[in-house]
Amino acid sequence: MAEFSLKADAFLGGFHKDYGTVVVTEVTDRAIASFALPLGGEAQAEKTIKSVLKLDLPSVGTAAQSEDGATTLLRLGKDQLFCLMDKQPDGHGAHRALSEKLAGTVFTTDQSDVWVSLTIRGPDSLRALERICPIDLHPGSFEVGALARTVMEHLGTVIIRNSDDEYTLMSASSSAKSFLHAIETSIENVL
Amino acid sequence: MIINHPLLGPRDAAEFVYLGDESLIERPDPNAPDAADRFYEYGYLRDNPAGEHKELWYHEQGDRSWLVVTRNTITHQITHVELARDVARAKGRDR
């Protein structure tokens, strides 16, 4: 029988574009796992996550990063988190290793192939995003480390503020090109 | 219209889906002897108030939580927003 060796492509081919005051880059090196905290088992789940990932659960609407930067927890809702990790060569290794350690206390799902991620950085990134993001992104109400699950151009999006002028956006990989088009259009409109 | 989510702050109503009267939380017991009548009332009979109304909204494009929103049906003014799970637990439900 023929042996196939398949290699996954990035959803946007590793997109990178420098607009001068805004730079858009596709993130291709992160694996994503979703966590659901079981009803009634929240305290035990929190304890296990802390011992496995060495991270306290962030409060709803914020992100927490491990000291070495390898793991980021996004608290999307009261009982719902995303865990961002370094991608393993086979694409699913990161989730498999984690799900074994968390088995029985946290429900996990591999979401690595579900989301396309983009970072947008530069002094004009806020101007470009505020036109299509219904969340108030002013630093006073959306601080560094804040995140929101919302909609941009009718597409479900998670937005995270990494620093004063850098954001990560996550949207469904199945509509990755439409999402990128919306972001690019907004950038071109303000520059 | 802006719904002030108790955990996430002010969010545009476009992120939410409307279900209906808050009383839908109180699903009848299917084993009750008069279950058929009570499900008929539960499924079909509603008040249609002009004024304050408690209703269920689902935050589909957000954290997927159910909310009980108190809204004035004449002015659309929203005076109170709670998590539906808190409302259900206050009524003695376990979830």
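Up top is the structure these notes are about.
Quick caveat: nothing in here was measured; it's all calculated off a predicted structure. Per chain, residues are indexed from 1 in the order of the written sequence. Whichever chain is written first becomes A and whichever ligand is written first becomes 1, with later ones labelled in order. Note on the predicted model: pLDDT of at least 70 is required for a residue's local features to be given, and 80 or more for side-chain atom pairs to be given and counted; whole-chain, interface and lining totals, by contrast, use all residues. To get the side-chain values, take all heavy atoms of the structure and skip hydrogens and water.

Participant: Help me understand the overall build of chain B, please; the structure alone is not making it clear to me.
Facilitator: In this description a helix means any DSSP run of H or I spanning at least four residues, a strand means any run of E spanning at least two, and both kinds are numbered starting from the N terminus. The helix and strand inventory of chain B stands at 2 helices and 6 strands. Working definition: with a 1.4 Å probe on protein chains only, accessible area under 20% of the residue-type maximum means buried, over 50% means exposed, and in between means partly exposed. Across the 95 residues of chain B, 38% fall into the buried class. A separation of at least 24 residues holds for 47% of the contacts in chain B among residues at least 6 apart in sequence. Areas reported here follow the Shrake-Rupley algorithm with a probe of radius 1.4 Å; residue values treat only the protein chains shown as occluding. With an accessible surface of roughly 5900 Å², chain B has 48% of that area assigned to carbon and sulfur atoms. Here chain B contributes 12 positive and 17 negative side-chain charges, whose respective centroids are spaced 5 Å apart. We call two residues in contact whenever any of their non-hydrogen atoms come within 4.5 Å of each other. Neither His nor the chain ends contribute to the count of charged residues, in which Lys and Arg are positive and Asp and Glu negative. Think of each charge as sitting on NZ of Lys, CZ of Arg, CG of Asp or CD of Glu.

Participant: Please clarify how unusual backbone geometry should be interpreted in this entry.
Facilitator: Peptide bonds are mostly trans, and most non-glycine residues show a negative phi. All names here are of chain A. In the Ramachandran plot, Lys54 falls in the positive-phi region, its phi being about 55° despite a non-glycine side chain. Relative to the helices and strands, Lys54 resides in the loop between α1 (42–53) and β4 (63–65). The exposure class assigned to Lys54 is exposed, which follows from its relative accessible area of 65%.

Participant: So what exactly am I meant to see when it comes to the sheet that holds strand β8 (residues 115–121) of chain A here?
Facilitator: Strand-to-strand pairing in sheets goes through backbone hydrogen bonds, with the strands running parallel or antiparallel. Residue and element names in this part refer to chain A. Two strands make a pair as long as DSSP finds a minimum of two bridges between them. Within the open sheet, the 6 strands sit side by side as β1-β2-β8-β11-β10-β9. Their pairing is antiparallel. Strand pairing shows two members of the sheet lacking a second neighbour, β1 (16–18) and β9 (147–152), which therefore form its edges. For this sheet, the mean inter-axis angle between neighbouring strands, taken without regard to orientation, is 25°. Note on method: axes are straight lines fitted to C-alpha atoms, helices fitted across the in-contact stretch only, with angles between N-to-C directions ranging 0 to 180 degrees.

Participant: Hey, could you run me through the nonpolar core in this one?
Facilitator: Nonpolar side chains in soluble globular proteins tend to end up buried together. Residues and elements named next belong to chain A. We call a set of buried residues a nonpolar core when its members are Ala, Val, Leu, Ile, Met, Phe, Trp, Tyr or Cys and they connect through side-chain atoms within 4.5 Å of each other. Core analysis: the largest hydrophobic core is formed by 28 residues, its most contacted members being Val24, Leu129, Ile159, Leu169 and Ile183. Mapped onto this core, the elements with two or more residues apiece are β8, α3 (125–129), β9, β10 (155–163), β11 (166–172) and α4 (176–190). Take this core: its biggest share by element is 6 residues, from α4. With near-sequence residues (within four places) excluded, Ile183 lies in contact with Leu118, Ile120, Leu129, Ile132 and Leu169. Within the second largest apolar cluster, 18 residues are counted, among which are Ala64, Cys83, Met85 and Ala94.

Participant: What's the story with the side chain of Thr70(B) in this structure? I'm lost.
Facilitator: Mapping Thr70(B) onto the fold places it in strand β5 (residues 66–72). Discounting residues that sit within four places of it in the chain, Thr70(B) has contacts with Glu52(B), His53(B), Lys54(B), Gln77(B), Ile78(B), Thr79(B) and His80(B).

Participant: Please explain α4(A) as it appears in this structure.
Facilitator: Owing to its 3.6 residues per turn, the α-helix aligns residues three or four sequence positions apart on the same side. Relative to the 21 Å expected for 15 residues at 1.5 Å per residue, α4(A) spans 22 Å between its end C-alpha atoms, a close match to the ideal helical length. For α4(A), the full list of buried residues reads Ala176(A), Phe179(A), Leu180(A), Ala182(A), Ile183(A), Glu184(A), Ser186(A), Ile187(A) and Val190(A). Here, expected helix span is obtained from the residue count minus one, scaled by 1.5 Å.

Participant: Help me understand the environment of Ser59(A) in this model?
Facilitator: Following the sequence through the fold, Ser59(A) ends up in the loop between α1 and β4. Sequence spacing of Ser59(A) and Arg75(A) is 16 residues, and the spatial spacing of their C-alpha atoms is 6.4 Å.

Participant: Sorry, what's going on with the pattern of salt bridges here?
Facilitator: A side chain of one charge can pair with a side chain of the opposite charge when the charged atoms of the two come close. Residues and elements named next belong to chain A. In the sections that follow, a salt bridge refers to a side-chain nitrogen of Lys or Arg positioned within 4 Å of a carboxyl oxygen of Asp or Glu. Counted according to the given criterion, the structure contains 11 salt bridges over all chains. For Asp86, the salt bridge identified is with Arg30, shortest N-O distance 2.8 Å. Here Asp86, found in strand β6 (residues 80–86), pairs with Arg30, found in strand β3 (residues 30–36); they are 56 residues apart in sequence, far enough to count as distant. Classification of Asp86 as partly exposed rests on a relative accessible area of 41%.

Participant: Mind showing me how you'd approach the packing of aromatic side chains here?
Facilitator: Each aromatic ring pair is described using two quantities: the centre-to-centre distance and the angle formed by the ring planes. Residues and elements named next belong to chain B. Pairing of aromatic rings covers Phe, Tyr and Trp, the last through its six-membered ring, and needs centres within 6.5 Å; plane angles under 30 degrees mean stacked, over 60 mean edge-to-face, and all others mean tilted. Applying the stated rule across the entire model yields 5 aromatic pairs over all chains. Here the aromatic rings of Tyr18 and Trp57 are separated by 5.2 Å at their centres, their planes lie at 75°, and the arrangement is edge-to-face. Residue Tyr18 is found in strand β3 (residues 17–21), and its partner Trp57 is found in strand β4 (residues 52–58); the two are separated by 39 residues along the sequence. A ring pair is formed by Phe39 and Tyr42, whose centres lie 6.0 Å apart and whose planes are at 80°; its orientation type is edge-to-face. With a gap of 3 residues between them, Phe39 and Tyr42 both fall in helix α1 (residues 35–44), about one helical turn apart. Overall, the relative accessible area of 17% leaves Tyr42 in the buried class.

Participant: Can you walk me through the interface of chain B and chain A in this structure?
Facilitator: Interfaces are frequently sized by the accessible area removed from exposure as the parts join. If you look at the interface, chain B gives 13 residues, while chain A gives 14 residues. Both faces combined, the contact of chain B with chain A buries some 1200 Å², and carbon together with sulfur accounts for 52% of it. Put simply, Arg85(B) and Asp79(A) hold a salt bridge, and the shortest N to O gap is 2.8 Å. Between N or O atoms, a polar contact is any pair within 3.5 Å; within protein, one atom must be a potential hydrogen donor and the other a potential acceptor, and residues adjacent in sequence are included only when both atoms are from side chains. Along the contact surface separating chain B from chain A lie 3 residue pairs in polar contact (both at pLDDT 80 or more). For the side of chain B that touches chain A, the residue count by class is 3 nonpolar, 2 polar and 8 charged. When two parts are brought into contact, each loses some accessible area as probed by a 1.4 Å sphere; the total of that loss over both is the buried area. Charged means Asp, Glu, Lys or Arg here, nonpolar means Ala, Val, Leu, Ile, Met, Phe, Trp, Tyr, Cys or Pro, and polar covers whatever is left, Gly included.

The quantities given are spatial measurements derived from coordinates; they are silent on function.
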